[in-house]
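Fold and contact review
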Amino acid sequence: GESVGLHLPTLSVQEGDNSIINCAYSNSASDYFIWYKQESGKGPQFIIDIRSNMDKRQGQRVTVLLNKTVKHLSLQIAATQPGDSAVYFCAENGQAGTALIFGKGTTLSVSS
Amino acid sequence: EADIYQTPRYLVIGTGKKITLECSQTMGHDKMYWYQQDPGMELHLIHYSYGVNSTEKGDLSSESTVSRIRTEHFPLTLESARPSHTSQYLCASSEFTGGTEAFFGQGTRLTVV
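This text gives an overview of the structure that appears in the document. This one's a predicted model, so the numbers in the text were calculated from it and none came from an experiment.

Helices and strands together make up the secondary structure of chain A, namely zero helices and eleven strands. Ordered by position from N to C terminus, the α and β elements of chain A give β-β-β-β-β-β-β-β-β-β-β. In terms of C-alpha radius of gyration, chain A reaches 13 Å, essentially the compact-globule figure of 13 Å for 112 residues. Based on the C-alpha atoms only, the size of chain A along its principal axes is roughly 45 × 30 × 25 Å. Taken across its 112 residues, chain A has 45% of its residues classed as buried. A sequence separation of at least 24 residues applies to 50% of the contacts in chain A between residues at least 6 apart. Working note: accessible area of chain A is about 5,400 Å², and carbon and sulfur atoms make up 46% of it. Side chains of chain A give 9 positive and 9 negative charges; the mean places of these two sets differ by 5 Å.

Here it is in structure tokens:
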């Protein structure tokens, strides 16, 4: 499957491939992380979240991996479908925990 | 589908006009937020509220103001719109601060001409 080692703004994959989207978070005090999917003209939608006491969490076709040592978060999408085409954002709760702090998005394009 | 609603979805308005963007949620959440998002870019927090009569400014400086008179309602107001205010405004709510999922509305895309 396709993967992004450093954050890249776009990722193009073929239908059926596995996709990996990476995110570097900024605050070592963050203890909650979340991935959102945003389709054109819509608000962000929850995909999956993870707390800092875990390093992996799985959902339906999605897996989030957390590496606190290097402050890195990744989202893996299995068997990517055209409906997965969207912008994906990671977010963290930061030191104050006031509100979610968003990273730069990655636009995933899935071709059939 | 999250029970959080924003109106209008799209607004084109002239410079100098006063506008209010509406946001309502039916989930009974105390915590509400306004984010600003330019096309294809990340979301920036401009206002948040812990509950009724609580409002705070976020990380991104904004000329807008907010109010929280009722739990379910968190309107954002621009007293005098300018072209630099052109952006998408997203409202969200959560059960707890920071360490839990925030539910987002569909957004209001504002264009000031």
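The next subject is the environment of T63(A). Residue and element names in this part refer to chain A. When you line up the elements, T63 lands in strand β7 (residues 62-67). Considered as a pair, T63 and I47 are 16 residues apart in the sequence and their alpha carbons are 9.7 Å apart. Excluding anything up to four places from it in sequence, T63 contacts K56, R57, Q58, S74, L75 and Q76.

The tally for this structure, following the rule as stated, stands at seven salt bridges over all chains. The closest approach of N and O atoms between D49(A) and R57(A), which form a salt bridge, is 2.3 Å. According to the relative accessible area criterion, R57(A) is partly exposed, its value standing at 35%. Between E79(B) and K18(B) there is a salt bridge, and its shortest N-O distance comes to 3.9 Å. Highlighted residues: E79(B) in the loop between β8 (76-78) and β9 (87-94) and K18(B) in the loop between β2 (10-13) and β3 (19-25), separated in sequence by 61 residues.

According to the stated counting rule, one finds nine aromatic pairs over all chains in the structure shown. Look at Y36(A) and F102(A): their rings are 5.6 Å apart centre to centre, the planes differ by 35°, and that puts the pair in the tilted class. On the criterion of sequence distance, the pair formed by Y36(A) in strand β4 (residues 32-38) and F102(A) in strand β10 (residues 101-102) is long-range, its members being 66 residues apart. Judged by relative accessible area, F102(A) falls into the buried class, the value being 8%. Ring centres of F102(A) and Y35(B) lie 5.4 Å apart, and the angle between their planes is 80°; this geometry places the pair in the edge-to-face category. Of this pair, F102(A) sits in strand β10 while Y35(B) sits in strand β4 (residues 31-37), which puts the two residues in different chains. What links up through ring pairs into an aromatic cluster is the set Y36(A), F89(A), F102(A), Y33(B), Y35(B) and F104(B). Over the aromatic face of F74(B) sits the side chain of R68(B), whose NZ or CZ is 5.8 Å from the ring centroid.

Rules used in this analysis
- Residues numbered from 1 in each chain as written.
- Chains lettered and ligands numbered in written order.
- Predicted model: local features only at pLDDT ≥ 70, side-chain atom pairs only at ≥ 80, totals over all residues.
- Heavy atoms only, no water.
- Helix = DSSP H or I, 4+ residues; strand = E, 2+ residues; numbered from the N terminus.
- Rg over C-alpha atoms; globule rule 2.2 N^0.38 Å.
- Buried < 20%, exposed > 50% of the residue type's maximum accessible area, 1.4 Å probe, protein only.
- Contact = heavy atoms within 4.5 Å.
- Areas by Shrake-Rupley, 256 points an atom, 1.4 Å probe, with all protein chains shown as cover.
- Lys, Arg positive; Asp, Glu negative; His and termini not counted.
- Charge placed at Lys NZ, Arg CZ, Asp CG, Glu CD.
- Salt bridge = Lys/Arg side-chain N within 4 Å of Asp/Glu carboxyl O.
- Phe/Tyr/Trp six-rings, centres within 6.5 Å; stacked < 30°, edge-to-face > 60°.
- Lys NZ or Arg CZ within 6 Å of the ring centre and 35° of its normal.

Purely spatial values, then, with no claim about function.
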